[in-house]
Amino acid sequence: MEMKKRISLELRNRTPQEVAELVVDNCRSSCGDVEGLTDDFKELEFLSMVNVGLTSLSKLPSLPKLRKLELSDNSISGGLETLSEKCANLTYLNLSGNKIKELSTIEALQNLKSLNSLDLFNCEITSLEDYRESVFELLPQVTYLDGFDAEDNEAPDSEADDEEDEGDEGAGPLGEYEDEDDEDDEEEEGSEGAEEVGLSYLMKKGLQVRIFCCLCHTEEAGVRGEKRKRDAEDEGEDDEDDE
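Rules behind the numbers
- Residues numbered from 1 in each chain as written.
- Predicted model: local features only at pLDDT ≥ 70, side-chain atom pairs only at ≥ 80, totals over all residues.
- Heavy atoms only, no water.
- Helix = DSSP H or I, 4+ residues; strand = E, 2+ residues; numbered from the N terminus.
- Buried < 20%, exposed > 50% of the residue type's maximum accessible area, 1.4 Å probe, protein only.
- Contact = heavy atoms within 4.5 Å.
- Areas by Shrake-Rupley, 256 points an atom, 1.4 Å probe, with all protein chains shown as cover.
- Phe/Tyr/Trp six-rings, centres within 6.5 Å; stacked < 30°, edge-to-face > 60°.
- Lys NZ or Arg CZ within 6 Å of the ring centre and 35° of its normal.
- Polar contact = N/O pair within 3.5 Å; in protein donor to acceptor, adjacent residues only side chain to side chain.
- 1 Å grid on protein atoms, 1.4 Å probe; cavity = no way out; pocket = protein on both sides within 12 Å on 5 of 7 lines; lining within 4 Å.
- Points joined across faces, edges and corners; volume = space filled by probe spheres on them.
- Nonpolar A, V, L, I, M, F, W, Y, C, P; charged D, E, K, R; others polar.
- UniProt positions renumbered as here; feature names shortened; annotations may be inferred.
- Pairing = 2+ DSSP bridges.
- Salt bridge = Lys/Arg side-chain N within 4 Å of Asp/Glu carboxyl O.
- Arc of directions from axis to C-beta.
- Patch = residues over 30% accessible without salt bridge, like charges linked within 9 Å, V, L, I, M, F, W, Y side chains within 5 Å.
- Lys, Arg positive; Asp, Glu negative; His and termini not counted.
- Charge placed at Lys NZ, Arg CZ, Asp CG, Glu CD.

1. As for the overall build of the chain
When helices and strands are counted, the chain shows 6 helices and 6 strands. Listed by position from the N terminus, the elements making up the chain come as α-β-β-β-α-β-α-β-α-β-α-α. Taking all 243 residues of the chain together, 30% fall into the buried category. For the chain, long-range pairs separated by at least 24 residues make up 50% of all intrachain contacts whose partners lie at least 6 apart in sequence. As presented, the chain carries roughly 15,800 Å² of accessible surface, and 46% of it is formed by carbon and sulfur atoms.

2. Quick look at the packing of aromatic side chains
Per the stated rule, a full pass over the model turns up 0 aromatic pairs. The ring centre of Tyr92 lies 5.0 Å from the NZ or CZ of Lys68, which sits over that ring.

3. Observations concerning the side chain of Ser29
Inspection of the secondary structure puts Ser29 in the loop between strand E1 (21–23) and strand E2 (46–48). Residue Ser29 is classed as buried on the basis of its relative accessible area, which comes to 10%. A distance of 2.5 Å separates the side chain of Ser29 from the backbone oxygen of Asp33, its partner in a polar contact. Those residues in contact with Ser29 that lie beyond four places of it in its chain are Met3, Glu35, Val52 and Leu54.

4. Some remarks on the layout of surface pockets
Leftover empty space is mapped by rolling, across the atoms, a probe with the size of a water molecule. One number sums up the size of the second largest pocket: a volume of about 160 Å³. If you go around the second largest pocket, the residues you meet are Ala20, Glu21, Glu45, Phe46, Arg67 and Lys68. Residue classes in the lining of the second largest pocket are distributed as 2 nonpolar, no polar and 4 charged.

5. Side note on the UniProt feature "domain: U2A'/phosphoprotein 32 family A C-terminal" (unreviewed entry) in the chain
UniProt records the feature "domain: U2A'/phosphoprotein 32 family A C-terminal" (unreviewed entry) at residues 128–146, using the numbering of this structure. Helix makes up 42% of residues 128–146 and strand 11%, and the two end C-alpha atoms of the span are 15 Å apart.

6. Points about the sheet that holds strand E6 (residues 144–145)
An order of E1-E2-E3-E4-E5-E6 is seen for the 6 strands of this open sheet, with the pairing classed as parallel. Lying at the two open borders of the sheet, with one neighbouring strand each, are E1 and E6. Relative to E2, E1 is paired through 3 bridges, and the arrangement is parallel. Paired with Leu22 across the bridge in E2 is Leu47.

7. Section: the environment of Ile125
In this fold, Ile125 is placed in the loop between strand E5 (117–119) and helix H4 (131–138). Spatially, the C-alpha atoms of Ile125 and Ile106 are 9.7 Å apart, while their sequence positions differ by 19 residues.

8. A short note on the pattern of salt bridges
Within this structure, the stated rule accounts for 3 salt bridges. A salt bridge links Arg12 to Glu10; the shortest N-O distance between them is 3.5 Å. Accessibility expressed as a relative area gives 60% for Arg12, which makes it exposed. Here Lys65 ties to Glu43 by a salt bridge, and the two come within 2.8 Å at their closest N and O atoms. Highlighted residues: Lys65 in the loop between E2 and strand E3 (68–70) and Glu43 in the loop between E1 and E2, separated in sequence by 22 residues.

9. Brief notes about helix H1 (residues 3–11)
Along H1, the residues classified as buried are Met3, Arg6, Ile7, Glu10 and Leu11. Looking straight down H1, one finds that the buried residues subtend no more than 145° of arc, so they occupy a single side. Counted as exposed and oriented over 90 degrees from the buried face of H1: Lys4 and Lys5. Where H1 is buried, its residues meet E1. Phi for Arg12, located one or two positions after H1, is positive at around 50°.

10. Here's the deal with a negative patch on the surface
Together, Glu129, Asp130, Glu133, Glu151 and Asp152 make up a region of like negative charge exposed at the surface. Among the structural elements, Asp152 can be located in the loop between E6 and helix H5 (158–169). Take Asp152: its relative accessible area is 54%, and that puts it in the exposed class.

Shown next, in the form of structure tokens:
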């Protein structure tokens, strides 16, 4: 899909002035330059043009509020001075996978005074001797290069932090639901316990009834036996009397 058409679709019935984030990854620039973006996108803060076939940034419009720019996997080899002219407030720039070979190419980024994070991973420049030390010296405003600072500490993941914050915000309602579930579980356990107690009670009562019946039966049998014994003795006495 051509870049112009993709940008048109991404607007989704909005005006360019209403767009703060724009992602047009994997579309195609017909001339190797930025197409379809105009100065009307003055509220744009995040722009991603990954793998769109860019070779130049000369037609990039003025984007004064742009903070994050993703340009990885293109064929850009120079002309980075356009960024300081058109996107002076950049704090994050990803140029990984481009054709940047020399330190002199990124020297133009010195004018991006707010640039905090720069990614040049998979560019030929990374094979230079003392690459990292040289870039940090050339661009003192940069804290993170290819995801790590000068002391090899990894850059914080802002997306992960956002997700954690969202998770914390949702903790209250989830906690309430969990409490309700716990109460339901307790009620179910209580009812099950009551059933068990009831069954035990009935079984116990049934056992007592059976024992009582057995005792009664035994006692009755004993009485009947004693009665037969007495009757037999009485008959024996009567027979003696007859003699």
